[in-house]
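# Working through the structure, step by step
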Amino acid sequence: MVRESSGTRPSEARLRLLGTATRVFYAVGIHSVGVDRIIAEAKVTRATFYRFFEVGRG
C-alpha cells in the first residue's frame, strides 16, 4: 500500500475510496464486494485505485 508522507494532506480520491469501501463492506460484507464496485461508487479510475492500493500481491 502506498502511504503518504507525514505532514501532507491526504488525496481526495484516496479518502473517497476508503470511505466507499468502508460503507459498502459494512452494508453487504467484504466477501460480496468486488474492486469494480468500489471503483464505480467512489467515482475514480482504475489507475487511481491501483496507485493507492496494491491488490493481489503477496
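Residues numbered from 1 in each chain as written. Predicted model: local features only at pLDDT ≥ 70, side-chain atom pairs only at ≥ 80, totals over all residues. Heavy atoms only, no water.

As a further point, take the overall build of the chain. Scanning the chain from terminus to terminus reveals three helices and zero strands. Its helices and strands taken in sequence order, the chain reads α-α-α from the N to the C terminus. The proportion of buried residues among the 58 residues of the chain is 26%. Of the contacts formed within the chain by residues at least 6 apart in sequence, a portion of 45% connects residues at least 24 apart. Surface exposure of the chain reaches about 4400 Å², of which carbon and sulfur atoms provide 55%. (Helix = DSSP H or I, 4+ residues; strand = E, 2+ residues; numbered from the N terminus. Buried < 20%, exposed > 50% of the residue type's maximum accessible area, 1.4 Å probe, protein only. Contact = heavy atoms within 4.5 Å. Areas by Shrake-Rupley, 256 points an atom, 1.4 Å probe, with all protein chains shown as cover.)

Further remarks concern the packing of aromatic side chains. Across all of its chains, the model carries three aromatic pairs by this definition. Residues Phe49 and Tyr50 carry aromatic rings whose centres are separated by 5.1 Å and whose planes lie at 85° to one another, so their mutual orientation is edge-to-face. These aromatic residues form a ring-pair network of at least three members: Phe49, Tyr50, Phe52 and Phe53. In this structure, Arg51 is placed above the aromatic ring of Phe52, and the distance from its NZ or CZ to the ring centre is 5.4 Å. (Phe/Tyr/Trp six-rings, centres within 6.5 Å; stacked < 30°, edge-to-face > 60°. Lys NZ or Arg CZ within 6 Å of the ring centre and 35° of its normal.)

Geometry of a packed helix pair, given as the angle between the helix axes and the separation of the axes. Packing of helix 1 (residues 12-28) against helix 2 (residues 35-42) leaves a shortest axis separation of 9 Å and a crossing angle of 125°. In terms of orientation, helix 1 and helix 2 fall into the oblique class. Classified by chirality, the crossing of helix 2 by helix 1 is right-handed. Taken together, the residues of helix 2 that come into contact with helix 1 (itself represented by Arg16, Leu17, Thr20, Ala21, Arg23, Val24, Phe25 and Val28) are Arg37, Ile38, Glu41 and Ala42. Of the residues that constitute the contact of helix 1 with helix 2, the class distribution is seven nonpolar, one polar and four charged. (Axes fitted to C-alpha atoms, helices over the stretch in contact; angles between N-to-C directions. Parallel < 35°, antiparallel > 145°, perpendicular 65-115°, else oblique. Left-handed = near helix turned anticlockwise from the far one by under 90°. Nonpolar A, V, L, I, M, F, W, Y, C, P; charged D, E, K, R; others polar.)

Here we take up the nonpolar core. The biggest cluster of nonpolar side chains holds twelve residues, and these are Ala13, Leu17, Ala21, Val24, Val33, Ile38, Ile39, Ala42, Val44, Phe49, Phe52 and Phe53. Of all elements in the fold, only helix 1, helix 2 and helix 3 (46-52) reach the threshold of two or more residues within this core. Here the element with the most residues in this core is helix 1; it accounts for four residues. (Core = buried A, V, L, I, M, F, W, Y, C linked by side-chain atoms within 4.5 Å.)

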